[in-house]
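So the chains spell out like this:
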There are 2 protein chains.
Amino acid sequence: MKRRRFEMACPLPLQQYPHVLAAHGGGGKLMHQLLETICGEGFSNPILDVRHDSAQLNVPPGRLAFTTDSYVVHPLFFPGGDIGSMAIHGTVNDLAMSGARPLYLSAAFIIEEGLPMETLWRVVQSMRAAADQCGVQIVTGDTKVVDKGKGDGLFINTAGIGVIETPLMIAPRSVRAGDAVLVSGDLGRHGMAIMAGREGLRFESDIESDSEPVHEMVLDLLAAKIDVHCLRDATRGGLASALNEIAEAAGVRIGIVDAHVPVQENVRAACEMLGLNPLTVANEGRFVAFVAQPDAEPALKILRRHGGGAAAAMIGRVESATEPLVTVKSALGISRILDMPAGEQLPRIC
Amino acid sequence: MKRRRFEMACPLPLQQYPHVLAAHGGGGKLMHQLLETICGEGFSNPILDVRHDSAQLNVPPGRLAFTTDSYVVHPLFFPGGDIGSMAIHGTVNDLAMSGARPLYLSAAFIIEEGLPMETLWRVVQSMRAAADQCGVQIVTGDTKVVDKGKGDGLFINTAGIGVIETPLMIAPRSVRAGDAVLVSGDLGRHGMAIMAGREGLRFESDIESDSEPVHEMVLDLLAAKIDVHCLRDATRGGLASALNEIAEAAGVRIGIVDAHVPVQENVRAACEMLGLNPLTVANEGRFVAFVAQPDAEPALKILRRHGGGAAAAMIGRVESATEPLVTVKSALGISRILDMPAGEQLPRIC
């Protein structure tokens, strides 16, 4: 993994344009100056440098994965990440959930007039560093500026293309009764880090977001011929939404054991303090894997070799292929239904 | 071209949820209900219906084109189109500018809390109709909701993938001295239609946006073996920005003749009234084509066979391959420099 230092000076003279102006989105000289400097130099690579309306790509043969996500996280910078790194990780991870090797990303900015130019540059640098780390290129983009009061600093959309090299069909319909349900690491850190950053809360020990790319974990599982049936990242709505989505789409019943779900002590304490259930808190670098039962242990060994996977665990089983339902067994041995959260726990978490 | 009527009733009970709530972006039950109904039923197709984090595609062999654009147009509905149809046309057209056949689109919504649900449904229906007309499928998407006052009703991002079947390298670097410069139709209607819609101006005769897909024009040019060197849609910044971008990227001097640029009489009058230059006004269904001079006439015949191409015209020539410059010759025979607009004429035109 290549890492690039965040030390490049902003190529646009900040004393001349300390803030983004409406004209930076107008299609004229100022917009071109912004694109050539901030985006052009920040993201520079041979495909982007062609400067055409669409990027031209050579993609290796195979099925392709294609995904998109907008990022509206507030605040823009939080412990363990920022909107830029998240916009790369999130879309890379969505591709990984199809078993794809991420290749190319687009980056589209909706900027509120008045955003400090230096903030934009920091975010672009963070995106570049994250993209380099993930081995993906940002090959096409767009910038729009909206009037003050009609946005919130910065929204980013990234779309991504990856190539699916595995012959496995990694999708909800491949989930079978008897499958082991694994999580790739400890849960709840991203949501609680944002919460702390936004509300100015300080928990006993600082909680850092789990935002990170997971595609190498997934590609390692596939390279080791683990019989992966389905993958789902546990983002908005947390583990509870991820499991319920799969149960619904696959038409299966899933049972998990509460005590087996890895949650850091400081996250658990912060959730208790705020009356939140860690199973419904958002993550940005964690996923659920449904694998054939005999492959559960070898899969966990692979996950645990990666940074974020130290706490990877088997948390339950797919129980039957009839009614879509998720249950969680408490420490006292009592099973209850684990529902999707009804509404909004933590707005603008991603 | 298939057209789908806008007559499907909204599948989400509007009396229960007349407006989009923050919880519709929260990852829980309300969000899933919104996605299953408005997006799921509105865009339904076999790839999207798999309901996975990323779409899995089979793409024919060839180079791929990949592009993205966000749409923040205000107002959402305007004479001749709306943000939904525009979000399809704009991205289809960006793909066409690489000579690609558009295949797959993503759709990502950033919704301001409080948007009438019916507005969202109208936009989704309009996107579906436009996608059907263009022969593309919306295969993956995302929905975020931001708090009231932190957005402006609705922003849309679409990214697109197309396949490049032509062996031509359609890009600025293929432009040569002597090339003919063509425009695909009359200019300036989109910008003036938005302006009228926004300011409540009523011009003598109503001006409708030129928003429309141009990929079939381009594919027809390529099928007829027209020697196309470069294509560029004349969106933000209008013809002036498109020509200057190409002059800069290709390192050429371009000369056009003002009287040869097709502009409808009502558009010209409205521009005069508002002190705008039609050459800098945005279009959403018009492009500039650089073709080998002997192919100019056959190319124009092909363009004129299409709806928006009735006024297609040769407007000038690439003059030399040295200093990047665009000049425009007036009716009196005097040449002046046609610069990119400096700043912002008409904010949020696209």
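The following paragraphs examine the structure supplied in this document. (Residues numbered from 1 in each chain as written. Chains lettered and ligands numbered in written order. Predicted model: local features only at pLDDT ≥ 70, side-chain atom pairs only at ≥ 80, totals over all residues. Heavy atoms only, no water.)

1. Examining the side chain of Arg 348 of chain A
Thought 1: Note that Arg 348 of chain A resides in the segment after β14 (335–337).
Thought 2: A distance of 2.9 Å separates a polar atom in the side chain of Arg 348 of chain A from the backbone oxygen of Val 72 of chain A.
Thought 3: A polar contact of 3.0 Å, which involves the side chain of Arg 348 of chain A, links it to the side chain of Asp 147 of chain B. (Helix = DSSP H or I, 4+ residues; strand = E, 2+ residues; numbered from the N terminus. Polar contact = N/O pair within 3.5 Å; in protein donor to acceptor, adjacent residues only side chain to side chain.)

2. Examining the relation of the copies chain A and chain B
Thought 1: Screw-axis analysis of chain A against chain B gives a translation of 0.0 Å along the axis, an RMSD of 0.0 Å, and a rotation angle of 180°. Accordingly, the operation relating the two chain copies is best matched by a two-fold axis. Considering only C-alpha atoms, the residue of chain A closest to the rotation axis is Gly 151 of chain A, which sits at 2.1 Å.
Thought 2: Both copies contact each other with a shared surface, as 100% of the interface residues of chain A are interface residues in chain B too. (Least-squares fit on C-alpha atoms with pLDDT ≥ 70 in both. Contact = heavy atoms within 4.5 Å.)

3. Side note on the packing of aromatic side chains
Thought 1: Going through the model one piece at a time under the given rule, you end up with 4 aromatic pairs over all chains.
Thought 2: For the pair Phe 43 of chain A and Phe 109 of chain A, a centre-to-centre distance of 6.4 Å together with 10° between the ring planes defines the contact as stacked. Note that Phe 43 of chain A is positioned in helix α1 (residues 29–43) and Phe 109 of chain A in strand β5 (residues 100–112), a separation of 66 residues in sequence. Like Phe 109 of chain A, Phe 43 of chain A is buried.
Thought 3: Each ring, one from Phe 66 of chain A and one from Phe 66 of chain B, has its centre 6.4 Å from the other, and the planes form 80°; the classification is edge-to-face. Here Phe 66 of chain A is found in strand β2 (residues 63–71), whereas its partner Phe 66 of chain B is found in strand β2 (residues 63–71) on a different chain.
Thought 4: Note that Arg 122 of chain B overlies the ring of Phe 77 of chain B, its terminal NZ or CZ placed 3.9 Å from the centroid. (Phe/Tyr/Trp six-rings, centres within 6.5 Å; stacked < 30°, edge-to-face > 60°. Buried < 20%, exposed > 50% of the residue type's maximum accessible area, 1.4 Å probe, protein only. Lys NZ or Arg CZ within 6 Å of the ring centre and 35° of its normal.)

4. Some words on the sheet that holds strand β1 (residues 55–57) of chain A
Thought 1: Here we have 5 strands laid out as an open sheet, ordered β1(A)-β2(B)-β7(B)-β5(B)-β6(B), and mixed in their pairing. Strand pairing shows two members of the sheet lacking a second neighbour, β1 of chain A together with β6 (137–146) of chain B, which therefore form its edges. Within this sheet the neighbouring strands show an average axis-to-axis angle of 20°, counted without direction.
Thought 2: The pairing of β1 of chain A with β2 of chain B spans 3 bridges and is classified as antiparallel. When the bridges of β2 of chain B are listed, Gln 56 of chain A appears paired with Ala 65 of chain B.
Thought 3: Strands β5 (100–112) and β6 of chain B of the sheet are contacted by helix α1 (residues 29–43) of chain B, whose axis makes an angle of about 145° with β6 of chain B. (Pairing = 2+ DSSP bridges. Axes fitted to C-alpha atoms, helices over the stretch in contact; angles between N-to-C directions.)

5. With respect to the interface of chain A and chain B
Thought 1: On the side of chain B, 79 residues touch chain A, which itself brings 79 residues to the contact.
Thought 2: Summed over both sides, the interface between chain A and chain B buries roughly 6,100 Å², with carbon and sulfur atoms accounting for 54% of that surface.
Thought 3: Area buried by chain A at its contact with chain B is led by Asp 53, Phe 66 and Arg 236 of chain A, which between them contribute 14% of it.
Thought 4: Our enumeration of links across chain A and chain B arrives at 12 salt bridges.
Thought 5: The partner of Asp 142 of chain A in a salt bridge is Arg 236 of chain B, and the shortest N-O contact between them spans 3.0 Å.
Thought 6: Of the residues belonging to the side of chain A that touches chain B, the class tally is 36 nonpolar, 24 polar and 19 charged. (Buried area = accessible area lost by both parts, 1.4 Å probe. Salt bridge = Lys/Arg side-chain N within 4 Å of Asp/Glu carboxyl O. Nonpolar A, V, L, I, M, F, W, Y, C, P; charged D, E, K, R; others polar.)

6. Points about the packing of helix α4 (residues 189–199) of chain B against helix α7 (residues 265–274) of chain B
All names here are of chain B.
Thought 1: Relative to each other, α4 and α7 sit at 60°, their axes nearing to 10 Å. With respect to each other, α4 and α7 are oriented oblique. Crossing hand, α4 versus α7: left-handed. Contact with α4, carried on its side by Arg 189, Met 192 and Met 195, involves Val 267, Ala 270, Cys 271 and Leu 274 of α7 and no other residues of that element.
Thought 2: Grouping the amino acids of the contact of α4 with α7 by side-chain chemistry returns 6 nonpolar, no polar and 1 charged. (Parallel < 35°, antiparallel > 145°, perpendicular 65-115°, else oblique. Left-handed = near helix turned anticlockwise from the far one by under 90°.)

7. A few points about the pairing of strand β9 (residues 228–233) of chain B
Residues and elements named next belong to chain B.
Thought 1: With 6 of its 6 residues buried, β9 lies for the most part within the structure.
Thought 2: Bridging between β9 and strand β11 (residues 287–291) involves 5 bridges; their strand directions are antiparallel. Across the sheet, the residue bridging to Leu 231 is Ala 289, located in β11.

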